[in-house]
Structures are given as structure tokens and as C-alpha cells.
Amino acid sequence: MIKKIIALTLCLLCVFAVGCNGKQITAIEGESKIVRLYVGQEGSFENSSYSYSSDNESVLSINGSSYKGLKEGSASVTVKDKKGNVAVYLFTVFGNKPVELEGLTIQNVPANNSITVGQSLALSYLKEPVNADKYDAIVWSTTNSDVLSVDKQGNVVARGMGQATLSVTALGTDIKHEITVNVLPRDTVFAINHTKLVGVVGEIEDLLVADVLSDYPFQKEIEWFTSDKNVVKVNNGELTFVSEGKANVGITARINNIDYSASCEVTVKQNEGYTVIRTAEQLQEIGNTSGNYMLGNDIDFSASCAEGGELYNGGKGFMPLFEDANNSFKGVFEGNGFALRNIMINRPNDAFVALMRYISAEEGKEGVIRNLSIIGGSIKGANYTAVFYANCSGYGNVNSGLENCFAQLAISSTGSASGLVGNNKGTVKNCVSNVSFDALGKVYLFALNHTMPDATFGVNNCVYVGESVQSEMANITNGGYLTNCFAITLDQVASFNFDLGDGWIYTEGKLPVVKG
């Protein structure tokens, strides 16, 4: 019998050790009870044939099988049966009589007692009275853990659609509170990773990925489709670019008796010697100074330039392309209306910082950037910090430069800064800058400097939108021109007539968008 009592006692002592609010532990004839003892309270062990002794008589006195709490503290009671088997019980004496618990109320109940699949809640409870301490423990429970799970702290997770009852119970009493919660389905997500793509005839690329989420059953599995197989074919997201033209490619399905679809506009071009760029890593690797490149889709630099990303580079981020005058860019960079998003270039100690450090302005070797947007992120450099290119090599040529480009990001410089290009020896035309500046040196809205003897080229038909409207547009002391250029605030966008040519899409009251 005494061995059974010992096992039960050890279990109870473990419970006590993790916080049972000071409940005393005793055992009678192999059964266990948890009791509270306070100063002056008396009690007795039911088995008077056992011997009982306290190791702290000043806290707990024992007289035969009777005990009494004398002062606050703890005491161990050794129990022996007639055969000499031993068990040990732990008593704790409190100074005040325990406060009876009268009620429990669950707090942080969700609105309308409803949440959606995947949502979490951190429930709590309110005691009445708040200082009540006469109960064994507070326990959370659920009637259906497949719908709602709950841990011992009251943290709830919606696992699946349906209804479940959550309860908080004070053990050792008949007091509990419960709420019934409905778990609703999430909004169905049905999309693919691109809305627009460009490819070249003859190429096969695995480009499209479906993003499908639904808590409802599918009546019809996902099916890929193309609006014109003669232009582009699709096989589970893999595209075969067949011939020049446009087609919509996407996915369809029926979910909960509703038809869903998501599509991507695919433009197929003849292979004219352009290398298609689809990722930030591919862009970083371009090195052929005479190569022609084009974006095949929007590129987001967030992951690549973040810590741990391939282009983090110890916090410096993307490395400007074409780093010296002898290896300046002499080709065409065609943006196709796509955007480089959330770029990060962090080189505050380097001069001539931009997407490209050098482009060529030599006769027959003109470097050109066109139909490109750079949206979000930041570029930090020293003197001559710009967005698209920082410097030009060569004597100057009207056919080099920038056309139909849009910049919307933060520029920071320990020297001078520009919202489009740095040192210019070509033509910058039909561009919009919505750049914010933080520069120790001088700020120019479009170009830092023009060094060209021919006054027939410079900056034409460009608009700056932002807070730096009082800054100079360009330094034309050494040649070049500024024509039809404007600086406006964001408040003036709705009333301003953007007339940038056919390379832009215009929506009343909004900044124009580069046409793809």
C-alpha cells in the first residue's frame, strides 16, 4: 500500500513544483488529495495507524494523526506504516485564508465569435474576484481540436472550417466559462506569379507558378490554358514561345461552385539578338559591353539584396554595372515597360553610383536605356549619385542616353545627386522622376552635368514630381540644353498635363506609367 502512495505523491509533487498556488498534498489509504492550509487551520490524516512527523514543527505541528498550521512556510511530513515503509508529503502553510473563486470570464473573444482558417488568437481569462486563489489550476480545452486547437496559455489556432467550443475551467471547483467559435473559410486566393511576360520565338522557359489557396473543395482541378497556341504553348507553367504575337496564358478551376481564373499577358518577340533578363542575379551578371538586353518581366530585388541574399554583398547590395570608362555600356537596355523593384545599392563612399556607372556616348557605340522603370528601394553613393547611369564615356552623341524611363525611389548622397542621370553626353527625353533626395551636395532633378559642345541635345520633355521642385534641373554650363522640362509637386499631378509621347499610359489624376 505504501508504495502506491509514494507513486501518487511524487506525481502530485511534480504538479506542485510547477505552480499549484501552494496547495498542500496529502494521501489517505492510497488516494491523493490536494488541500490548502493556512495559519490556524487544523486537520487530520485518516489513517491513524501510520506514524507522521514534521521536519518543521514551527510551521506545521503534528499530534498523532492530527496537524495544525502554525505560521507561514513549508514542511515535509514523513509517513511510516507498521512495516517501516516510508513516504514523504509536502505541506505549505499560508498566512491568509484562501479566497474563494466565484466566476471566470474568457477575454479577447473575436468579433462575432468568428475567425478564419489559419488565424490565431491569444485568449485570456478574468477571475472573479481577481484575487481568488482557492482552485487547483486553470485549464483550457476545446471540443474539436481539428477545428480549433488551444494550448495551456490560451493560444488558439483555427485549423479547419467548422465550429468548436473553447472552455476555461478552474480545477477543484465547478466553475468554468465557455464560448463557441465559428471558423470561417479564408478568401480563396487564385493567382499566378506574373501578370505580364515577354519571351522570344523558339525559347522554352518554366516561368509561371500558380498561387492557389482555398478552404473549399475543388470541383474541377486546376487547368492551364493559352488563348493562342500558335503564339505560346503552356504545360503546367512551362511556356514555349512559338511565334511573334500576344496571348493570354493562365489557369482555371471551379471551387465551391464558383469559376476562378488567373492569367498572364505574354508577348512573344522575334529573336533580334537580345538577351532576356528575368532575375536580379541575371542582371548583376551582364558584362558584355556591346550586348543588347531586355527585361522579360518585373524583377523584385527584395530577397536578393536582403541579408543572406545572393546580392547582399555585406550590406552593399547590387553592384553598379559597367564600372569603368574603358568598359562602358555600348548596347541597348530595353525595359519593355517592366520595372526593377526595391533595388538596394549602398555605397556611400563610392563616386559615380547608379544602376550603370558608365555608358558610352561614342559615335557608333551609343549606350541606350529605354522603357524602364525603377520603383522602390534606395541608391546611396558619394559624388555623382544618380538612378540610371552616373557617367558617360566618349565625346558625346545624340543617340546615346535615356528615353521613356521612370524613377521612384530614395536617393542618398554624401556629395551631389540627380533624379535621372549623372554626367550626360547624350539625350535624356520623355522621362519622369519621382525621387526623394537626401544629399550633402547639390541636387539636380534630371542631370548633374552636360559636357557637350553640340547644343542640339540635352534634356527634353522631362517632368520631376516631388518635394525638391526648387532644385536646379541640370547643369548646362558646359553645353547642352533644357527644353520643355517641368518640376511639380504631388498635389499638382491631378491638374498637370503629362505629354510624354506614345511610350506612356496615362490615367487622369495619377502619375503616368511606362508602356509595355
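In the block above lies the structure referred to throughout.
Presented here is an overview of the structure given in this document. Just so it is clear, the structure is predicted and the values come from calculations on it, not from any experiment.

**Regarding the overall build of the chain**
Across its full length, the chain holds 3 helices and 50 strands. Against the 2.2 N^0.38 benchmark of 24 Å for 516 residues, the chain shows a C-alpha radius of gyration of 38 Å, more extended than a compact globule. Considered along the principal axes of its C-alpha atoms, the chain spans approximately 115 × 55 × 45 Å. Counting only residues that meet the buried cut, the chain has 47% of its 516 residues in that class. Counted over contacts in the chain with a minimum sequence separation of 6, partners at least 24 positions apart contribute 66%.

**Describing the environment of Gly-377**
Tracing the sequence through the fold places Gly-377 in strand 35 (residues 368–381). Spatially, the C-alpha atom of Gly-377 lies 79 Å from that of Gly-84, the residues being 293 residues apart in sequence. When residues no more than four places from it in sequence are discounted, the contact partners of Gly-377 are Asn-342, Ile-343, Leu-409 and Ala-410.

**Some details on the sheet that holds strand 20 (residues 196–200)**
The strand order 20-27-26-23 describes an open sheet built from 4 strands, whose pairing is mixed. The two strands at the open ends of the sheet, each matched to only one other strand, are strand 20 and strand 23 (218–226). Pairwise comparison of adjacent strand axes, ignoring direction, gives a mean angle of 20° for this sheet.

**So, the state of the cysteines**
Scanning the model with the defined rule gives 0 disulfides in all. No disulfide involves Cys-392; its sulfur sits 13 Å from that of Cys-431, the nearest cysteine.

**Considering the environment of Leu-402**
You can see Leu-402 is positioned in strand 37 (residues 401–413). The exposure class assigned to Leu-402 is buried, which follows from its relative accessible area of 1%. It is 88 Å that separates the C-alpha atoms of Leu-402 and Val-39, two residues lying 363 residues apart in sequence.

**Some thoughts on the pattern of salt bridges**
Following the criterion strictly, the structure yields 11 salt bridges and no others. A salt bridge links Glu-265 to Lys-246, with the shortest nitrogen-to-oxygen separation between them at 4.0 Å. Of this pair, Glu-265 sits in strand 27 (residues 258–269) while Lys-246 sits in strand 26 (residues 245–255), placing them 19 residues apart in sequence. Glu-265 gets classed as partly exposed once you look at its relative accessible area, which sits at 29%. Owing to a relative accessible area of 53%, Lys-246 belongs among the exposed residues under this scheme. Among the salt bridges present, the one from Glu-472 reaches Lys-442, with a minimum N-O distance of 2.5 Å. Remark: Lys-442 occurs in the loop between strand 42 (436–439) and strand 43 (443–450) and Glu-472 occurs in strand 46 (residues 472–474); sequence separation between them is 30 residues.

**Overview of the packing of aromatic side chains**
Counting across every chain of the model gives 14 aromatic pairs. With a centroid separation of 6.1 Å and an interplanar angle of 85°, the aromatic rings of Phe-45 and Phe-91 are classed as edge-to-face. You can see Phe-45 sitting in the loop between strand 4 (42–44) and strand 5 (51–54) and its partner Phe-91 sitting in strand 9 (residues 86–94), a full 46 residues away along the chain. Ring geometry for Phe-486 against Phe-496: centres 5.5 Å apart, planes inclined by 65°, an arrangement best described as edge-to-face. Taken together, the residues Phe-486 in strand 48 (residues 486–488) and Phe-496 in the loop between strand 48 and strand 49 (504–505) connect sequence positions 10 residues apart.

**Points about unusual backbone geometry**
Residue Pro-129 is reached from Glu-128 by a cis peptide bond, and omega for that bond is -5°. Although it is not a glycine, Asn-430 sits at a positive phi angle of roughly 55°. Residue placement: Asn-430 occurs in the loop between strand 40 (427–429) and strand 41 (432–433). Residue classification places Asn-430 among the buried residues on the basis of a relative accessible area of 14%.

**Description of the sheet that holds strand 4**
Pairing is antiparallel in the open sheet, where 3 strands are placed in the order 4-7-6. This sheet does not close on itself; its edge strands, each paired only once, are strand 4 and strand 6 (60–63). In this sheet, adjacent strand axes meet at a mean angle of 20° when their direction is disregarded. Alignment of strand 6 against strand 7 (residues 66–69), held across 4 bridges, turns out to be antiparallel. Counterpart to Asn-63 in the pairing with strand 7 is Ser-66.

**Let's talk about the pairing of strand 26**
In the sheet, strand 23 pairs with strand 26 via 6 bridges, with the strands oriented antiparallel. Its bridge partner being in strand 26, Thr-226 is matched across the sheet by Val-249. Note: strand 26 against strand 27, 11 bridges, orientation antiparallel. By the bridge assignment, Ile-251 is partnered in strand 27 with Ala-262. From the end of strand 26 to the start of strand 27, which pair antiparallel, there are 2 residues, and Asn-256 there has a positive phi angle of about 55°.

**Looking at the side chain of Asn-336**
Turning to its location among the elements, Asn-336 is positioned in the loop between strand 31 (332–334) and strand 32 (339–346). Sequence-distant contacts of Asn-336, defined by excluding residues within four places in its chain, comprise Val-198, Lys-269, Met-294, Leu-295, Asn-371, Lys-515 and Gly-516.

Quick notes on the rules
Residues numbered from 1 in each chain as written. Predicted model: local features only at pLDDT ≥ 70, side-chain atom pairs only at ≥ 80, totals over all residues. Heavy atoms only, no water. Helix = DSSP H or I, 4+ residues; strand = E, 2+ residues; numbered from the N terminus. Rg over C-alpha atoms; globule rule 2.2 N^0.38 Å. Buried < 20%, exposed > 50% of the residue type's maximum accessible area, 1.4 Å probe, protein only. Contact = heavy atoms within 4.5 Å. Pairing = 2+ DSSP bridges. Axes fitted to C-alpha atoms, helices over the stretch in contact; angles between N-to-C directions. Disulfide = S-S within 2.5 Å. Salt bridge = Lys/Arg side-chain N within 4 Å of Asp/Glu carboxyl O. Phe/Tyr/Trp six-rings, centres within 6.5 Å; stacked < 30°, edge-to-face > 60°.

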